Amino acid sequence: MNGDGTPDLLTSSNNLQSASIRLGAGDGGLLAEKVYATATTKPAGIAIGDFNRDGKLDFVVGEGLAAGANHISKFIRTGCGP
């Protein structure tokens, strides 16, 4: 997510209605998580891409598959990238 070539971890939480990023520390470990509140009530899936074509990774969080689920939260240039 920050372009350093080290794998990072993105997760979503139904209980906290949030998504979080833990950047790779470069030694196999992970740094402290950064939590983002979502507009979705039951975040379930994450997609990563350069959605605004600025060369930096962005991510979106989709709502679960419950009836009427039609929300996404988008995080453009979240501040964790270069």
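Before reading further, recall that the structure is shown in the block above.
Residues numbered from 1 in each chain as written. Predicted model: local features only at pLDDT ≥ 70, side-chain atom pairs only at ≥ 80, totals over all residues. Heavy atoms only, no water.

K.L.:
Help me understand the overall build of the protein in this model?
P.N.:
When helices and strands are tallied, the protein shows zero helices and six strands. With 82 residues in all, the protein has 30% of them scored as buried. Roughly 5100 Å² of accessible area belongs to the protein as shown, and the carbon and sulfur atoms make up 53% of that amount. (Helix = DSSP H or I, 4+ residues; strand = E, 2+ residues; numbered from the N terminus. Buried < 20%, exposed > 50% of the residue type's maximum accessible area, 1.4 Å probe, protein only. Areas by Shrake-Rupley, 256 points an atom, 1.4 Å probe, with all protein chains shown as cover.)

K.L.:
Whenever I open this one, the sheet that holds strand S2 (residues 18–22) confuses me. Can you help?
P.N.:
In a beta sheet, neighbouring strands pair by backbone hydrogen bonds and run either parallel or antiparallel. Taken together, the three strands give an open sheet; going across it, the order is S1-S2-S3, and neighbouring strands pair in antiparallel fashion. The two strands at the open ends of the sheet, each matched to only one other strand, are strand S1 (9–13) and strand S3 (34–37). For this sheet, the mean angle separating the axes of adjacent strands, direction not counted, is 20 degrees. In this structure, S2 lies alongside S3, joined through four bridges in antiparallel fashion. Bridge pairing links Ala19 to Tyr36 in S3. (Pairing = 2+ DSSP bridges. Axes fitted to C-alpha atoms, helices over the stretch in contact; angles between N-to-C directions.)

K.L.:
Sorry if this is basic, but what is going on with a nonpolar patch on the surface here?
P.N.:
Nonpolar side chains collect at one region of the surface, where Ile46, Ile48 and Leu57 lie side by side and expose about 240 Å² of accessible area between them. Structurally, Leu57 can be placed in the loop between strand S4 (43–49) and strand S5 (58–63). Overall, the relative accessible area of 39% leaves Leu57 in the partly exposed class. (Patch = residues over 30% accessible without salt bridge, like charges linked within 9 Å, V, L, I, M, F, W, Y side chains within 5 Å. Salt bridge = Lys/Arg side-chain N within 4 Å of Asp/Glu carboxyl O.)

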